[in-house]
Amino acid sequence: MADTTHLVQLWICLFLLLAIHGCSFYLPGVAPQDFHKASNVFLYLYRYGDFLKVKVNKLSSTKTQLPYSYYSIPYCRPQEIVDSAENLGEVLRGDRIENSPYEFKMRVPQMCNILCRITPNERTASEFKEKIDDEYQVNMILDNLPLVVPVTTSEQDIHIQYHHGFFVGHKVWYAGMKEDKYLINNHLTFTVKFHKDPEFEYARIVGFEVKPFSVKHQYDGEWNEDTRLTTCDPHAKKLVAGIDPPQEIEDRNEIIFTYDVEFQESDVKWASRWDTYLLMSDEQIHWFSIVNSLMIVLFLSGMVAMIMLRTLYRDISNYNQQEDTQDETGWKLLHGDVFRSPVNSDLLCVYVGTGVQFSGMILAAMIFALLGFLSPSNRGGLMTALLLLWVLMAVFGGYAAARLYKSFNGSKWKIITLKTALMFPGLIFTVFFILNALIWGEKSTGAVPFGTMSALVFLWFFISVPLVFAGGYIGFRKPAIENPVKTNKIPRQIPEQPWYMKSGFTVLMGGILPFGAVFIELFFILSSIWLHQFYYIFGFLFIVFMVLVVTCAEVTIVLCYFQLCSEDYEWWWRSYLTSGSSAIYLFIYSVMYFFTKLNITKGVSGTLYFGYMLILSYCFFVLTGTVGFYACFWFTRRIYSSVKID
């Protein structure tokens, strides 16, 4: 036993060392980078910190949900494309961070810098048009800050909203035209905001904005390296203002890419620079909806708890005062059958163990997020943390499955442990592999590479599975859970139940209230996933999660009590399915969200959406089902241990 415990500790220590070495979690206020102003003497000398290098990320679209590499279309390229190191979460998100030809000098404005000149052929022009049709956005990064486009909603509204990335281009239609014209954003006006230290010369970047323009650049004579544009000229201090003729995308129609850079001093400190990016336009609605949902759910939970306590207290007092056991009625009649092993008890143990593992992963991830370890600035950090925590929580999953299995007088704990380690991850991995094959067929960077897929398999079979077996071994070695009452050898016949107490109806009704506790927050979570928005209110999410747990427990206990009063002792599976049925409503809500909030038109993109939402709903089923089961398990043991059984 001691050797096994030491072995588990060794596995956990080794895995934590790998996790710490492989991914860097963000701590608020840590590791700012200082940049010095380039002086006139060293204006053309490369000195560390004076030059800002812009990186490019994936092309993303809320219309297709298929990310592509920035250089998948013929944008201007550096001499050598260098991929940045990406963590596991970034790869799974489809991020592809690469260098770019954009280079700035700290606090040195630049005007009308010519990046490159291309002449697209029919194929490359078609690629640009396809990306414009699908509303693809270009994502860039400077000092770990994503590029945003400031947008004012109206002339009266001084509040500025920020959209992540700028569109590749847009379509226009003029009267008399037979078809739309495709315009490309070939001129970018960057604004780098910095916060200057009052005592020193260095500054820190606190903002990265852009205003894209489509302008057909003009020049005199033949094109060469010294050509000066007439549409914008740094010598004449002529800027692109958006009134010039736009740049159309056509076969053999040259495109000149240019950019400006201006620097603005800001009062925003480095530690608060992400506040602008995380600002939500509907913040008041969000707060009001969350508080309103919490008040309703807490009020209903209080009423349910009060009714249950008063009713149970009266029942237990009356039963204990009875001398004649022949007068027993209601739930006390089932004391000889209430702990009888259910049908498919092995499968129930597997699902309970999986739910414990999943619940531990969610709870630990929320705690890390509340402490600031999973800031949006750490791209892919949340996904990486979830995977690592899932693997580590395998010990608790195996322990819970084996412990419950032994209470059913089972002896083949290795089979149960193996099913716990393989069944749920196997189903998720199968669906994920099929969806990944569809993404691969679209040649999208969202497809997980073979190396990353191999790493996932390694985490599963060589770390998660052994930890599940270690937990199962420890759990099975523990003494079996003793029931408060003995089980009769002959099962009691269950009387005919009214329609409102049948399993199908009660299961479906039981999932409404737990879903009602989270459906408002679910809107913001889905928006962060499918509309590429940041989600950062982990404090509210933690509160909603706690309310969800309490609601699942109380609803399951109430329906379990009514079921026992109807002399139906088959509560094991029904307790799991009652709260787990909220996943059905979650999937229905995702269907409504698809048709009302998204503009997905491609079949592959729709398949990806419903495939991933099916995975999310299945995980929600396992989570809520396990909470309901343990609540009912505790409740039945509690009430039957409180009565006198002759």
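Please read all numbers here as calculations on a predicted model, not as lab measurements.

### Observations concerning the packing of helix α5 (residues 345–370) against helix α13 (residues 572–580)
Contact geometry for α5 and α13: axes closest at 11 Å, N-to-C directions at 40 degrees. For the pair α5 and α13, the crossing hand works out as left-handed. Listed contacts from α13 to L347, L348, Y351 and V352 of α5 are W572, W573 and Y576. Residues that form the contact of α5 with α13 fall into these classes: seven nonpolar, no polar and no charged.

### Re the state of the cysteines
Summed over the entire model, instances satisfying the criterion amount to two disulfides. Across the disulfide from C76 sits C116; the S-S distance is 1.7 Å. Here the disulfide of C76 and C116 is left-handed, its torsion about the S-S bond being about -70 degrees. Placement of the pair is C76 in the loop between β1 (51–60) and α2 (88–93) and C116 in strand β3 (residues 110–118), with a sequence separation of 40 residues. Note on accessibility: C76 and C116 belong to one class, buried. A disulfide bridge connects C112 with C232, and the sulfur atoms are separated by 1.8 Å. Across the S-S bond linking C112 and C232, the dihedral sits near 45 degrees, which makes this disulfide right-handed.

### What about helix α8 (residues 413–441)?
The end-to-end C-alpha distance of α8 is 42 Å, a good match for the 42 Å that 29 residues give at a rise of 1.5 Å each. Within α8, the axis deviates most sharply at G426, by approximately 30 degrees. Directly beyond the C-terminal end of α8, a positive phi value near 55 degrees is found at K443.

### Overview of the pairing of β1
Among the 10 residues that make up β1, eight are buried, leaving the element largely enclosed by the rest of the structure. Relative to strand β4 (residues 137–142), β1 runs antiparallel, the two sharing four bridges. By the bridge assignment, S60 is partnered in β4 with Q137.

### Regarding the confidence of the model for the protein chain
Taken residue by residue, the protein chain gives an average pLDDT of 84. The fraction at 70 or more is 85%. Predicted confidence for residues 1–29 stays below pLDDT 50, and this span has 34 contacts to residues more than four positions away or in other chains. Note on residues 40–49: pLDDT is under 50 here. Beyond four places in sequence and across chains, it has 14 contacts.

### A look at the packing of aromatic side chains
Tallied over the entire structure, the rule returns 53 aromatic pairs. Each ring, one from F629 and one from F633, has its centre 5.9 Å from the other, and the planes form 15 degrees; the classification is stacked. Placement of both F629 and F633 in helix α15 (residues 603–640) is noted, with a separation of four residues, approximately one turn of the helix. Each member of the pair F629 and F633 is classed as buried. Among the aromatic residues, those joined into a ring-pair cluster are Y351, F358, W390, F424, W573, Y576, Y618 and F621. Positioned over the ring face of Y68 is K131, at 4.6 Å from the centre of the ring. One Lys or Arg, K406, reaches over the ring of F476 and ends 5.2 Å from the middle of that ring.

Reading the values: the criteria
Residues numbered from 1 in each chain as written. Predicted model: local features only at pLDDT ≥ 70, side-chain atom pairs only at ≥ 80, totals over all residues. Heavy atoms only, no water. Axes fitted to C-alpha atoms, helices over the stretch in contact; angles between N-to-C directions. Helix = DSSP H or I, 4+ residues; strand = E, 2+ residues; numbered from the N terminus. Left-handed = near helix turned anticlockwise from the far one by under 90°. Contact = heavy atoms within 4.5 Å. Nonpolar A, V, L, I, M, F, W, Y, C, P; charged D, E, K, R; others polar. Disulfide = S-S within 2.5 Å. Buried < 20%, exposed > 50% of the residue type's maximum accessible area, 1.4 Å probe, protein only. Expected span 1.5 Å × (residues − 1). Bend = angle between axes of the 7 residues up to and from the residue. Pairing = 2+ DSSP bridges. pLDDT = per-residue confidence, 0-100. Phe/Tyr/Trp six-rings, centres within 6.5 Å; stacked < 30°, edge-to-face > 60°. Lys NZ or Arg CZ within 6 Å of the ring centre and 35° of its normal.

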